[in-house]
Amino acid sequence: MTQLMAYKYRNGPDYRFSVDVDFTEVRSTFGLKAISVGRWVTKEERQHGANLIYDALADLTQILCIPPQVIGLRETLTLAFGQGGQLGVQAHYHGATRTLALAKHAGSGALAHEWWHAFDHYICPFLFQHKVSAKSFASKLWLTRQDYREHPLNEPLLVLFRHLFLDSSAKQSSDYVQRSAAVDSAAKQLYFAMPEELAARAFEHYIQANALKNHYLVSGTKRSKLAKLGVFPTANEAKLLAPCFSQYFTQLGHSLSQQRNA
């Protein structure tokens, strides 16, 4: 049994009715631009990977209350499986090519985190009025820009970033930022306190808190070594952030449903 086949816990619905899917179905169902698979991925790994990713993305749409096509971010997002991986890296998002890459054997648990990076990148020009760099993340740009576009969908995102990065006075860094910066300082690096990473960890924490569990989609925000270091939101912080995530994606799903029915 390969490392990929030794899969983890999931309690979601059987969207596939126990039938295998292929990556073509993953792409069409979730509105992805394209899917590329590494040349060293075996037929067995390819099949099992397609099933795992299909279930994980379907679970994500259920948690966020959005149509499946939203996952592909208007067909701008490419998924790479077992291709161009980096040693020791589960998954990563390439902003230059808008590609979410999952390692063949180690991508488990990182999908939600990396999808948020893709979303954070995609949404940036819709959050700000003036031109933004093609490399910008909305979460990072929020710290230096105030030219927000007035739109009902943007309001919960702006509140989310305020709760993420600032304390209740809105004048000092939040405890979440300070804890993450302390971890970075101890390791002599800048990573956990980067705005886009703070936002992605908050998102995956929100996803894992849902009753629908999928350890391929997200894992490690509760009892992992990183969680014990304090680089995920606390219960009280999560209470402030969860309504923002919920309101944004629920409104988005409702808006898109109305457009389809118009």
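Numbering of residues begins from 1 in every chain and follows the order in which that chain's sequence is written. The predicted nature of this model means local features are confined to residues of pLDDT at least 70 and side-chain atom pairs, given and counted, to a pLDDT of 80 or more, with totals for whole chains, interfaces and linings taken over all residues. To get the side-chain values, take all heavy atoms of the structure and skip hydrogens and water.

A. Structural context of helix 6 (residues 175-187). Helix length check: helix 6, at 13 residues, gives a terminal C-alpha distance of 18 Å against a target of 18 Å (1.5 Å per residue), a fit within 8%. Only protein chains enter the accessibility calculation, which uses a 1.4 Å probe; a residue whose area is less than 20% of its type maximum is buried, one above 50% is exposed, and one in between is partly exposed. What counts as a helix is a DSSP run of H or I of at least four residues, what counts as a strand is a run of E of at least two, and both are numbered from the N terminus. Of the positions making up helix 6, those classed as buried are Tyr176, Val177, Ser180, Val183 and Asp184. Seen end-on, helix 6 carries its buried residues on one side only, within an arc spanning 125°. Seen from the buried face of helix 6, the exposed residues on the opposite side, beyond 90 degrees, are Asp175, Ser185 and Ala186. For helix 6, the secondary structure elements touched by its buried residues are helix 5 (154-165), helix 7 (195-208), helix 8 (225-229) and helix 9 (235-261). In the stretch just after helix 6, lysine 188 is the one whose phi turns positive, near 55°. To estimate the expected span of a helix, count its residues, drop one, and scale the result by 1.5 Å. Note that the arc is computed from the directions linking the helix axis to the C-beta atoms. Between two residues, a contact is recorded if the distance between any of their heavy atoms is within 4.5 Å.

B. Spatial organisation of the nonpolar core. Working definition of a nonpolar core: buried Ala, Val, Leu, Ile, Met, Phe, Trp, Tyr and Cys residues. They are joined through side-chain atoms within 4.5 Å. With 72 residues, the main nonpolar core has Trp115, Trp116, Phe203, Ile207 and Phe249 as its most contacted residues. In this structure tryptophan 115 touches Leu60, Leu64, Val70, Ile71, Leu73, Leu77, Leu100, Phe203 and Phe249, once residues within four positions along its chain are discounted. Counting residues in each nonpolar core, the second largest holds five residues, with Phe192, Ala227, Val231 and Phe232 among its members.

C. Molecular detail of the packing of aromatic side chains. By convention, a stacked pair of Phe, Tyr or Trp rings (six-membered ring in the case of Trp) has centres within 6.5 Å and planes under 30 degrees apart, an edge-to-face pair has planes over 60 apart, and any other such pair is tilted. In total, this model carries 20 aromatic pairs according to the counting rule given. Where tyrosine 206 meets phenylalanine 245, the ring centres are 5.1 Å apart and the plane angle is 25°; that geometry is what we call stacked. Taken together, the positions of tyrosine 206 in helix 7 and phenylalanine 245 in helix 9 put the pair 39 residues apart, joining distant regions of the chain. Phenylalanine 245 shares its class with tyrosine 206; the two are buried.

D. Representation of the packing of helix 5 against helix 9. The N-to-C vectors of helix 5 and helix 9 enclose an angle of 160°; their axes lie 9 Å apart at closest approach. Between helix 5 and helix 9, the crossing angle belongs to the class labelled roughly antiparallel. Seen from above, helix 5 lies across helix 9 with left-handed handedness. Here Pro156, Leu157, Val159, Leu160, His163 and Leu164 of helix 5 come into contact with helix 9, specifically with Leu240, Leu241, Cys244, Phe245, Gln247 and Tyr248. The axes are straight lines fitted to the C-alpha atoms, using for helices just the contacting stretch, and the angles between their N-to-C directions are given from 0 to 180°. With respect to orientation, any angle under 35 degrees is reported as roughly parallel, any angle over 145 as roughly antiparallel, any angle of 65 to 115 as roughly perpendicular, and every other angle as oblique. Helix crossings fall into two classes, left-handed where the near helix is turned counterclockwise from the far one by less than a right angle and right-handed where it is turned clockwise.

E. View of the environment of lysine 239. Along the chain, lysine 239 turns up in helix 9. Considered as a pair, lysine 239 and tyrosine 206 are 33 residues apart in the sequence and their alpha carbons are 9.5 Å apart.

F. Structural view of unusual backbone geometry. Phi is positive for serine 18, which is not a glycine, with a value near 60°. Within the fold, serine 18 resides in the segment before helix 1 (23-29). Classification of serine 18 as exposed rests on a relative accessible area of 64%. The phi torsion at arginine 74 lies on the positive side, around 60°, for a residue other than glycine. Relative to the elements of secondary structure, arginine 74 occurs in the loop between helix 2 (43-64) and strand 2 (78-81).

G. Inspection of helix 7 at higher detail. Over its 14 residues, helix 7 extends 20 Å from the first C-alpha to the last, a length consistent with the 20 Å expected when each residue adds 1.5 Å. With respect to burial, helix 7 is a largely interior element, 14 of its 14 residues being buried.

H. How the structure looks around the pattern of salt bridges. Salt bridges are defined by distance alone: a side-chain nitrogen of Lys or Arg within 4 Å of a carboxyl oxygen of Asp or Glu. Under the defined criterion, the tally for this structure stands at five salt bridges. In this structure, arginine 16 engages aspartate 55 in a salt bridge whose closest nitrogen and oxygen atoms are separated by 3.0 Å. On the criterion of sequence distance, the pair formed by arginine 16 in the segment before helix 1 and aspartate 55 in helix 2 is long-range, its members being 39 residues apart. Assessed through its relative accessible area of 16%, arginine 16 is described here as buried. Glutamate 45 is paired through a salt bridge with lysine 104; the nearest N and O atoms lie 3.3 Å apart. Taken as a pair, glutamate 45 in helix 2 and lysine 104 in the loop between strand 4 (99-102) and helix 3 (111-127) lie far apart in primary sequence, 59 residues in all. Note on accessibility: glutamate 45 and lysine 104 belong to one class, buried.

I. Representation of the environment of lysine 213 within the structure. On the secondary structure map, lysine 213 appears in the loop between helix 7 and helix 8. For lysine 213, a relative accessible area of 25% corresponds to the partly exposed category. For the pair formed by lysine 213 and alanine 56, sequence separation is 157 residues and the distance between their alpha carbons is 9.4 Å. Within the local environment of lysine 213, its side chain forms a polar contact with the backbone oxygen of asparagine 210, the two atoms lying 2.8 Å apart. Contacts described as polar in this section are N or O atom pairs within 3.5 Å, which, within protein, must combine one atom able to donate a hydrogen with one able to accept it, while residues neighboring in sequence count only if both atoms come from side chains.

J. Region of interest: the pairing of strand 2. The two faces of strand 2 match: Thr78 and Ala80 on one face and Leu79 and Phe81 on the other face are all buried. Strands are labelled as partners when DSSP assigns at least two bridges between them. Looking at chain direction, strand 1 (residues 34-37) and strand 2 are connected through four bridges and run parallel. Within strand 2, the residue paired with serine 36 across the bridge is alanine 80. Every crossover in which the path from the first strand over the helix to the second runs clockwise, viewed with the strands pointing away from the viewer, is termed right-handed. For the handedness criterion, the β-α-β arrangement of strand 1, helix 2 and strand 2 is classed as left-handed. As judged from the four bridges shared by strand 2 and strand 4, these two strands associate in the parallel manner. What sits directly across from threonine 78, in strand 4, is threonine 99.

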